[in-house]
Amino acid sequence: MKKLKDILYGVSVESVKGSTNIEVKAVEFDSRNMASGSLFVAQKGLVVDGHTFISGAILDGATTIVCEDFPNETPEGVTFVQVVDANEALAVLASNFYDNPSEELTLVGVTGTNGKTTIATLLADQFQKAGYKSGLISTIKILIGQKEVPATHTTPDSLTINRVLRDMVEHGVTHCFMEVSSHGIHQKRTSGLVFKGGIFTNLTHDHLDYHKTFAAYRDVKKSFFDSLPSTAFALTNLDDKNGAIMLQNTKAKKYGYALKTEADYKARIIENQFNGLLLNINGQEVWTKLIGSFNAYNLLAIYATSDLLGIEKYDNLRILSELDNVSGRFQHAVSKGGVNAIIDYAHTPDALKNVLETINSIRTYNEQVITVVGCGGDRDRTKRPKMGNIASSLSNQVVFTSDNPRSEDPEQIIKEVEAGVRPENYKKTISIIDRKQAIKTACKLAQEGDIILVAGKGHETYQIIGDQKTGFDDFEITNQILTELNK
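The following paragraphs examine the structure supplied in this document.

## Quick word on the sheet that holds strand S19 (residues 331-334)
Phase 1 of the analysis: One open sheet holds the six strands; their spatial order is S19-S20-S24-S21-S22-S23, and the pairing between them is mixed. The open sheet has two edge strands, S19 and strand S23 (429-431), and neither has a second partner. Within this sheet the neighbouring strands show an average axis-to-axis angle of 15°, counted without direction.
Phase 2 of the analysis: Against the sheet, helix H13 (residues 384-394) contacts strand S21 (369-373), strand S22 (397-400) and S23, and its axis sits at roughly 150° relative to S22.
Phase 3 of the analysis: The strands touched by helix H16 (residues 474-486) are S19, strand S20 (340-344) and strand S24 (451-455); relative to S20, the strand with the most contacts, the crossing angle is about 165°.

## Things to note about the pattern of salt bridges
Phase 1 of the analysis: Taken as a whole and assessed by the stated rule, the structure comprises 22 salt bridges.
Phase 2 of the analysis: For aspartate 69, the salt bridge identified is with lysine 44, shortest N-O distance 2.6 Å. Separated by 25 residues along the polypeptide, aspartate 69 in the loop between strand S6 (62-67) and strand S7 (79-83) and lysine 44 in the loop between strand S5 (38-41) and helix H2 (54-59) bring together distant segments of the chain.
Phase 3 of the analysis: Overall, the relative accessible area of 38% leaves lysine 44 in the partly exposed class.
Phase 4 of the analysis: In this structure, arginine 384 engages glutamate 408 in a salt bridge whose closest nitrogen and oxygen atoms are separated by 2.7 Å. Of the two residues, arginine 384 sits in helix H13 while glutamate 408 sits in the loop between S22 and helix H14 (410-418), which places them 24 residues apart along the sequence.
Phase 5 of the analysis: The class for arginine 384 is buried, based on a relative accessible area of 0%.
Phase 6 of the analysis: For glutamate 408, a relative accessible area of 19% gives the class buried.
Phase 7 of the analysis: Each of the salt bridges in this network shares a partner with another, and the network as a whole consists of Arg381, Arg384, Glu408 and Glu416.

## A few points about the sheet that holds strand S10 (residues 141-144)
Phase 1 of the analysis: Read from one edge to the other, the open sheet built from eleven strands follows the order S11-S10-S9-S12-S8-S13-S14-S15-S16-S17-S18, with strand pairing classed as mixed. The open sheet is flanked by strand S11 (147-150) and strand S18 (284-288), the only strands paired with a single partner. Between one strand axis and the next, the sheet turns through 20° on average, direction left out of account.
Phase 2 of the analysis: Pairing geometry for strand S8 (residues 106-111) and strand S13 (residues 197-200), over four bridges, is parallel. Of the residues in S13, the one forming a bridge with glycine 109 is glycine 198.
Phase 3 of the analysis: Against the sheet, helix H10 (residues 293-308) makes contact with S8, strand S12 (175-179), S13, strand S14 (233-237), strand S15 (253-258), strand S16 (265-273), strand S17 (276-281) and S18, and its axis sits at roughly 140° relative to S16, the strand it touches most.
Phase 4 of the analysis: Docked against the sheet, helix H11 (residues 313-322) engages S17 and S18, running at close to 25° with respect to S18.

## Description of a nonpolar patch on the surface
Phase 1 of the analysis: A cluster of nonpolar side chains, contributed by Leu46, Val47, Val48 and Phe53, occupies part of the molecular surface with about 450 Å² of accessible area.
Phase 2 of the analysis: Within the secondary structure, leucine 46 sits in the loop between S5 and H2.
Phase 3 of the analysis: Classification of leucine 46 by relative accessible area gives exposed; the value is 75%.

## What about the nonpolar core?
Phase 1 of the analysis: If you look at the biggest cluster of nonpolar residues, it comprises 38 residues, and the most contacted ones within it are Phe177, Ile199, Ile281 and Leu320.
Phase 2 of the analysis: For this core, the secondary-structure elements that each account for two or more residues are S8, helix H4 (116-129), S14, S16, S17, H10 and H11.
Phase 3 of the analysis: Looking at which element gives the most residues to this core, the answer is H10, with eight residues.
Phase 4 of the analysis: Excluding residues within four positions of it along the chain, leucine 320 makes contact with Gln126, Ile281, Val286, Thr288, Leu299, Ile302 and Tyr303.

## Re the environment of threonine 155
Phase 1 of the analysis: On the secondary structure map, threonine 155 appears in the loop between S11 and helix H5 (158-170).
Phase 2 of the analysis: Accessibility expressed as a relative area gives 0% for threonine 155, which makes it buried.
Phase 3 of the analysis: Once the C-alpha coordinates of threonine 155 and phenylalanine 127 are considered, the two residues, 28 residues apart in sequence, prove to be 21 Å apart.
Phase 4 of the analysis: Residues within four places of threonine 155 in sequence aside, it is in contact with Ile161, Met178, Glu179, Val180, Ser181, Gly184, Arg189 and Thr190.

## A closer look at the packing of aromatic side chains
Phase 1 of the analysis: Within this structure, the stated rule accounts for nine aromatic pairs.
Phase 2 of the analysis: For the ring pair phenylalanine 195 and phenylalanine 224, a centre distance of 5.0 Å and an interplane angle of 85° mean the geometry is edge-to-face. Of the two residues, phenylalanine 195 sits in the loop between helix H6 (182-186) and S13 while phenylalanine 224 sits in helix H8 (residues 214-226), which places them 29 residues apart along the sequence. Considered together, phenylalanine 195 and phenylalanine 224 belong to a single accessibility category, that of buried residues.
Phase 3 of the analysis: Where phenylalanine 294 meets phenylalanine 330, the ring centres are 5.6 Å apart and the plane angle is 50°; that geometry is what we call tilted. Residue phenylalanine 294 is located in helix H10, and its partner phenylalanine 330 is located in the loop between H11 and S19; the two are separated by 36 residues in the primary sequence. Across this residue pair, the class does not change: phenylalanine 294 and phenylalanine 330 are buried.
Phase 4 of the analysis: One aromatic cluster in this structure is built from Phe195, Phe200, Phe224 and Phe225.

## Points about the pairing of S21
Phase 1 of the analysis: Counting buried residues along S21, five of its five residues qualify, which places the element largely inside the surrounding structure.
Phase 2 of the analysis: Here S21 shows two buried faces, one formed by Val369, Thr371 and Val373 and the other by Ile370 and Val372.
Phase 3 of the analysis: Sheet topology note: the S21/S24 ladder contains four bridges and is parallel. Paired with isoleucine 370 across the bridge in S24 is isoleucine 452.
Phase 4 of the analysis: At this point the chain moves from S21, through H13, to the parallel S22, and the crossover so formed is right-handed.

## Focus: the environment of valine 84
Phase 1 of the analysis: For valine 84, the location among the structural elements is in the loop between S7 and helix H3 (86-97).
Phase 2 of the analysis: Judged by relative accessible area, which is 52%, valine 84 ranks as exposed.
Phase 3 of the analysis: The spatial distance from the C-alpha of valine 84 to the C-alpha of glutamate 68 is 6.0 Å, given a sequence separation of 16 residues.
Phase 4 of the analysis: Not counting residues within four places of it along the chain, the set of residues in contact with valine 84 comprises Ser12, Glu14 and Glu68.

The rules we used
Residues numbered from 1 in each chain as written. Predicted model: local features only at pLDDT ≥ 70, side-chain atom pairs only at ≥ 80, totals over all residues. Heavy atoms only, no water. Pairing = 2+ DSSP bridges. Helix = DSSP H or I, 4+ residues; strand = E, 2+ residues; numbered from the N terminus. Axes fitted to C-alpha atoms, helices over the stretch in contact; angles between N-to-C directions. Contact = heavy atoms within 4.5 Å. Salt bridge = Lys/Arg side-chain N within 4 Å of Asp/Glu carboxyl O. Buried < 20%, exposed > 50% of the residue type's maximum accessible area, 1.4 Å probe, protein only. Patch = residues over 30% accessible without salt bridge, like charges linked within 9 Å, V, L, I, M, F, W, Y side chains within 5 Å. Areas by Shrake-Rupley, 256 points an atom, 1.4 Å probe, with all protein chains shown as cover. Core = buried A, V, L, I, M, F, W, Y, C linked by side-chain atoms within 4.5 Å. Phe/Tyr/Trp six-rings, centres within 6.5 Å; stacked < 30°, edge-to-face > 60°. Right-handed = clockwise from strand over helix to strand, strands pointing away.

See the structure below:
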């Protein structure tokens, strides 16, 4: 329980009606969670305006209302706080309410289009293996040491972040690695947090349904680095044309990593095979279990971050060689019949291109690459034809199918994907709406040595069709079908 005046510290307050010397038992932004003595933050969302729930929150026990616009009626006994930005206010209030847990550990944020999950997850693993107690906030899961908590968003809401960070501190976690999404930055979910470091991976076509323009998407990412303090480090991929832009206005100490250009941390790929990568990192060779040039960048970012946070060079390289692939990220299996299956989360044009180019750089060309791919519904439609073009250009055969169609017509989504296929590639493609049947068809087409790529859903263990969410695991289903076919 905290005094309102204490948790308002750092919040941009316009005006106050009522006393700030009252106790706050809980901070909430969902009016359904109200209890006596709660503080309710009324946020203006994309679909729902929290201001419409103020009266209901008061009836359910809220004694403090934080809002951007005062309601017509302000009952006695309830304190109203008008703020400039309710999203930012929620983040700062949450941080203060949980005693600013980000100040008590080493919090590192990872942002960019691709690679966030792999880098954050493997950094948590790296530091755990190095003898530290580490935490993770990612798309796949939240880890508090060895305790796993399910994740619902790439970057959770401000209350969840701070509650989890406080839990980490109380369980002795010293380092936390966190995916920082463009949505999370734009909606101010990370405001009020004290980061000790920020990592930029790359920037490619994604989320333009939300940000509208690529420049807006880039600038949101950049704002994360702009907000880093001078006590933090900013580590950026200098091979990406946007890498240097991220560092333009940051107060943090600047570092770069690259495979192609000069940088503080430089790597060269010596061998790239289906069983791993041999890299030269800053003059030292290391064999890793991960596959592909995109993972060379991920591993280099992990090495650089570990070095900046004090892990000794040879321990750093040794642990790097022990790291395993992240679930749904270039997850590789070979059937008894000799068919290679790769499951990957690639759901953007650049990610799909990276995965297929990696496969093509390793293969012998005596085999077929068969790709199963679709695009999610209620998401950026402009990337659909690009995905169709990439899949059909870089594969021998393609099966277009459903991803998570959500409220959209699956057949219409596939037609928009097919629109990107060039005439010379028409014969390579077929379309099967049912994802399981699409995977089964790809498995039946595959011969010994062939490579099946099932792209788009990766680690997800569900499929959303309409408003129904049912169990669906690409890796499990692909292996099951290949096993049945082998029999």
